[in-house]
Each structure stands twice: as C-alpha cells, then as structure tokens.
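Observations on the three-dimensional arrangement
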Amino acid sequence: YSIYFLFLLLGFSFICQNAIAQDAGEIQVYGSATTPKYMTIIELHSNYTFKGPKSNEKYHPLLETIEITTGLSKDFELGFYIFTYNNNGKLQYTGSHIRPRVKAPDSWNWPIGVSLSSEIGFDKDPFNNEKDWGAEIRPIFDKTIGDHYWSFNPSLGVSFTNNEVLFEPNLKYAYASSKKASIGFEYFGNTGKLLRPYRLPNQEHQLYAVVDLFLHPLYEFNFGVGKGITESSNGLIVKCFVGRRINWKHK
C-alpha cells in the first residue's frame, strides 16, 4: 500500500504548506448515499488556486471549510458548514450553510441511487464583508456498474441578494483500481443564469484528475488537480478533503 500512503503524504503536505481551487468552500461531487443513523462525519476541505482566471492569474486564495454531517435517520442527514478564506496570510470567516439531505429508500428498488440536497445560508465577501444570502438545490443521481462509478449533480445556485438562479452541474467518474483506491475525473461548471446562460468565455468549466482512498472504514480521502478550460475559470487548482466518521450510538 505504499502508493496510497504516498498520495496521503502528498495531500497533507499541500495542506501544511498552504499550497492547496476555484472559489468554492468545497469542491465535491456528491454520491446519493446519506450518512447512516447514529453517525457523524467531520471533514476538512482545502482548496488552493495556484493560477487564477485569465483576468487575474496572480489570484491565489486558500479556502478551507469544516463540514459536519450527522445521520438523523436511515435516509436523512443534516450538514453544517463553516467557511474560511485566506489570501496573503489573512484568515477570514466567510459564512456558514446548513444542509438537509434526503435519499430515496433502498426498498423502492430504483435502478439508480437518488437523493436531494438543499443548502441555505450566507457567504461573506472577504474584500468588502457584504453578505449574500442564498441556497443550493442539488439533485443527486449515481450508479455503480462493476468497478465503474458515475455521479451527476445538476445543481441550482440561488442568490436571494441578486435574485438570480445559476445552473452549476457537477459530474464524477471513478474506476475502482483496487479495494483501497479509485481514480477518475470530476467536472464542475457554472453556465450562468438558468434561462439565460452566460457567453462561453464567461462561464466556468473545470476538469479534475482525482484519487479517492479507502484505507479504513472510518476515514475518507479525496485529492484532485484541476484545470480551468474557459477564460473565467481559475487556471490551476488543487483540492483535498479528509473526513473522519464517528459512531455515537450507545451500545
């Protein structure tokens, strides 16, 4: 398993050096499964922009987010986020969200996994401290076929402050190269207003090469290197998240 520990060491070294992608508190494609009842997952998401968009390539923020998710029933979970922003060594608190999510019960025997996540809260501009209250509606569809896994999140981002709805699709493919790891790609986009998309150069489209490690049932690890493919996208991004599961059921 030396190759897996190499990836872990690489990921943690990026975090420790403050060298860890687009301006999002978490860069993650969701799977349909919810957190089991009596279990809490604590995650640290770290995203660093090595190269900003074409208009500002020297833009290098570090975003770190704490996510705490608890399973409240077999098919329902509740998550909470704390967002921070670090640019030029100045750490700032930039908002919080709460996120309930419900999953289609396994007893329905649907051919694909389906769940619905709804997120609400505020984000604070790190430069002028203005708050933007908003929400996210994220349908989640996924499927595993043998060693191949797909997930599609056609998300809608809602800004109450600006009275607009943005289409923000996410996609993931992973190949289980072993029982302990998978490799694949993730796509993150923002095409602009739902009914009036931005011109292509103003849209955000990013592709990531990613690895997921499953070294222990209580831990999760994802590491990715991303590249923007439009002018408005950040050029080079590294992302990493580490999670720890806690079972709090009384025995």
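Below you will find a few notes about this structure. Keep in mind that what you see is a predicted model, and the values were worked out from it rather than measured. (Residues numbered from 1 in each chain as written. Predicted model: local features only at pLDDT ≥ 70, side-chain atom pairs only at ≥ 80, totals over all residues. Heavy atoms only, no water.)

Our focus in this paragraph is the overall build of the protein chain. Scanning the protein chain for helices and strands turns up one helix and 13 strands. Each helix and strand of the protein chain, ordered N terminal to C terminal, gives the series α-β-β-β-β-β-β-β-β-β-β-β-β-β. Its C-alpha atoms give the protein chain principal-axis dimensions of roughly 50 × 45 × 35 Å. With 251 residues in all, the protein chain has 47% of them scored as buried. Total accessible area computed for the protein chain in this model is approximately 13500 Å², and 62% of it derives from carbon and sulfur atoms. Mean positive and mean negative side-chain charge positions of the protein chain (25 and 24 charges, respectively) differ by 4 Å. (Helix = DSSP H or I, 4+ residues; strand = E, 2+ residues; numbered from the N terminus. Buried < 20%, exposed > 50% of the residue type's maximum accessible area, 1.4 Å probe, protein only. Areas by Shrake-Rupley, 256 points an atom, 1.4 Å probe, with all protein chains shown as cover. Lys, Arg positive; Asp, Glu negative; His and termini not counted. Charge placed at Lys NZ, Arg CZ, Asp CG, Glu CD.)

Bringing the packing of aromatic side chains into the picture now. Under the definition given, this model contains 11 aromatic pairs. Ring centres of Tyr81 and Phe83 lie 5.7 Å apart, and the angle between their planes is 5°; this geometry places the pair in the stacked category. For the pair Tyr81 and Phe83, one class covers both residues: buried. Taken together, a centroid distance of 6.4 Å and an interplanar angle of 80° make the contact between Trp150 and Phe185 edge-to-face. With Trp150 in strand 7 (residues 148-159) and Phe185 in strand 9 (residues 181-190), this residue pair connects regions lying 35 residues apart in the sequence. Since its relative accessible area comes to 41%, Trp150 is described here as partly exposed. Of the residues examined, Phe185 reaches a relative accessible area of 30% and is grouped as partly exposed. These aromatic residues form a ring-pair network of at least three members: Tyr93, Phe122 and Trp133. Sitting above the plane of the Tyr30 ring, Arg138 keeps its charged end 4.4 Å from the centroid. (Phe/Tyr/Trp six-rings, centres within 6.5 Å; stacked < 30°, edge-to-face > 60°. Lys NZ or Arg CZ within 6 Å of the ring centre and 35° of its normal.)

Another point: the pattern of salt bridges. Within the structure shown, the criterion is met by 10 salt bridges. When the shortest N-O distance is used, the salt bridge between Arg99 and Glu77 registers 2.8 Å. Of the two residues, Arg99 sits in strand 4 (residues 90-103) while Glu77 sits in strand 3 (residues 76-87), which places them 22 residues apart along the sequence. You'll find Arg99 and Glu77 in the same group, each marked buried. Residues Lys239 and Glu186 are paired through a salt bridge, measuring 2.8 Å at the closest nitrogen-oxygen approach. Residue Lys239 is found in strand 13 (residues 236-247), and its partner Glu186 is found in strand 9; the two are separated by 53 residues along the sequence. Both residues of the pair, Lys239 and Glu186, belong to the buried class. (Salt bridge = Lys/Arg side-chain N within 4 Å of Asp/Glu carboxyl O.)

With that settled, the discussion passes to the side chain of Glu186. Residue classification places Glu186 among the buried residues on the basis of a relative accessible area of 2%. A distance of 2.7 Å separates the side chain of Glu186 from the side chain of Lys172, its partner in a polar contact. Apart from residues no more than four positions distant in its own chain, Glu186 is found in contact with Ile27, Val29, Leu171, Lys172, Gln206, Leu207, Tyr208, Val210, Asn222 and Lys239. (Polar contact = N/O pair within 3.5 Å; in protein donor to acceptor, adjacent residues only side chain to side chain. Contact = heavy atoms within 4.5 Å.)

Quick look at the pairing of strand 12 (residues 219-228) now. The element strand 12 is extensively covered by neighbouring structure, given that seven of its 10 residues are classed as buried. Bridge count for strand 11 (residues 204-213) against strand 12 is eight bridges, and the pairing is antiparallel. Within strand 12, the residue paired with Gln206 across the bridge is Gly228. A loop of five residues connects strand 11 with strand 12, the two strands running antiparallel in sequence. (Pairing = 2+ DSSP bridges.)

One ladder, built from nine bridges, connects strand 6 (residues 131-145) with strand 7; its direction is antiparallel. Residue Ile137 lies in a different strand from strand 7, and its bridge partner there is Leu156. Turn length for the strand 6-strand 7 hairpin, with the two strands adjacent in sequence and antiparallel, is two residues, and the turn residue Gly146 shows positive phi of about 65°. Both strand 7 and strand 8 (residues 164-178) contribute to a ladder of 12 bridges, which runs antiparallel. Within the sheet, the bridge partner assigned to Asn153 lies in strand 8 and is Asn170.

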